[in-house]
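Per-entry structural report
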Amino acid sequence: MTVNLEVADGVATFRLDRPPMNALDVATQDRLRELAGEVTRRDDVRAVVVWGGEKVFAAGADIKEMRNMDHAAMVARSRDLQDAFTAVARIPKPVVAAVTGYALGGGCELALCADFRIAADNAKFGQPEILLGLIPGAGGTQRLARLVGPSRAKDLIFTGRQVKADEAVAIGLVDRVVPAEEVYEQAHAWAAKLAKGPAMALRAAKEAVDAGLETDLDTGLAIERNWFAGLFATEDREIGMRSFVEDGPGKARFS
């Protein structure tokens, strides 16, 4: 398998396993979409970590594979490419990317699909497609601009330059920089903490934020309002409020 799945303590880990650089070929893309569907359905999975291993996250698409594709072939494949990454982005559970080494091209785009990005101090991010006469094709022009703003996104996409971890955190491309040997441990700990939270409320929060970013304010507020009211029908809401009244904030044990 080009991506392995491990589940422990309510956290699923997608471990990219295509040495030496975890190039994201068609088989890896399809595997990511398959696993995204699986963890979405599994009740024992409450959060997800995407990890490339100790040395590299993913250095981009498989250029040798892509070189053999003509225009007609890429027209047929490009939707599946985007759908694979979108499947990861739409996992209705918290997702954290644990990034060591290179996260370039499709690797950067995969990290952008996470809700939170923890990067090693040796991590490097970039969208170098322009150097191949191309543009990002797995969501980079859209997710990167939404995350860091259009000017910074254009800088990275137009130049193809690589961004080190310190700059990545400064521009908001990543959320936390830690020593390389601590990346997976901290990512898993973050995910495990959220895995103990109220699953439906976390799902609602993720969908409200993500869907709201894609529409106008009034529609976003309607999405929030509907989820907010709907959560009053859940057992976790009853548990959370009862615990707050009886024991104080932050002590609820959700079902």
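Preceding this section is the structure that the text describes.
Residues numbered from 1 in each chain as written. Predicted model: local features only at pLDDT ≥ 70, side-chain atom pairs only at ≥ 80, totals over all residues. Heavy atoms only, no water.

**Considering the overall build of the protein**
Check the secondary structure of the protein and you find 11 helices and 9 strands. Computed over the C-alpha atoms, the radius of gyration of the protein is 19 Å, within 12% of the 18 Å expected from 2.2 N^0.38 for a compact globule of 255 residues. The dimensions of the protein, computed from C-alpha atoms along their principal axes, are 60 × 40 × 35 Å. A total of 255 residues make up the protein; the buried ones form 42% of that total. Taking contacts inside the protein between residues at least 6 apart in sequence as the whole, the part at least 24 apart equals 68%. Summing over all exposed atoms, the protein offers an accessible surface of approximately 13,400 Å²; the carbon and sulfur share of this is 55%. Here the protein contributes 32 positive and 37 negative side-chain charges, whose respective centroids are spaced 1 Å apart. (Helix = DSSP H or I, 4+ residues; strand = E, 2+ residues; numbered from the N terminus. Rg over C-alpha atoms; globule rule 2.2 N^0.38 Å. Buried < 20%, exposed > 50% of the residue type's maximum accessible area, 1.4 Å probe, protein only. Contact = heavy atoms within 4.5 Å. Areas by Shrake-Rupley, 256 points an atom, 1.4 Å probe, with all protein chains shown as cover. Lys, Arg positive; Asp, Glu negative; His and termini not counted. Charge placed at Lys NZ, Arg CZ, Asp CG, Glu CD.)

**Considering the pairing of strand β4 (residues 95–99)**
In terms of burial, β4 is largely enclosed, as 5 of its 5 residues are buried. Taken together, the 4 bridges between strand β3 (residues 47–51) and β4 define a ladder with parallel strand orientation. Following the sheet pairing, Val48 is matched in β4 by Val95. (Pairing = 2+ DSSP bridges.)

**Notes on the environment of Arg42**
Summarising the element assignment, Arg42 is placed in the loop between α1 (26–41) and β3. A relative accessible area of 25% places Arg42 in the partly exposed class. Separated by 32 residues in the primary sequence, Arg42 and Gly10 place their C-alpha atoms 9.9 Å from one another. Residue contacts for Arg42: discarding those within four places in its chain leaves Leu5, Val7 and Lys93. There is a polar contact of 3.0 Å between the side chain of Arg42 and the side chain of Glu38. (Polar contact = N/O pair within 3.5 Å; in protein donor to acceptor, adjacent residues only side chain to side chain.)

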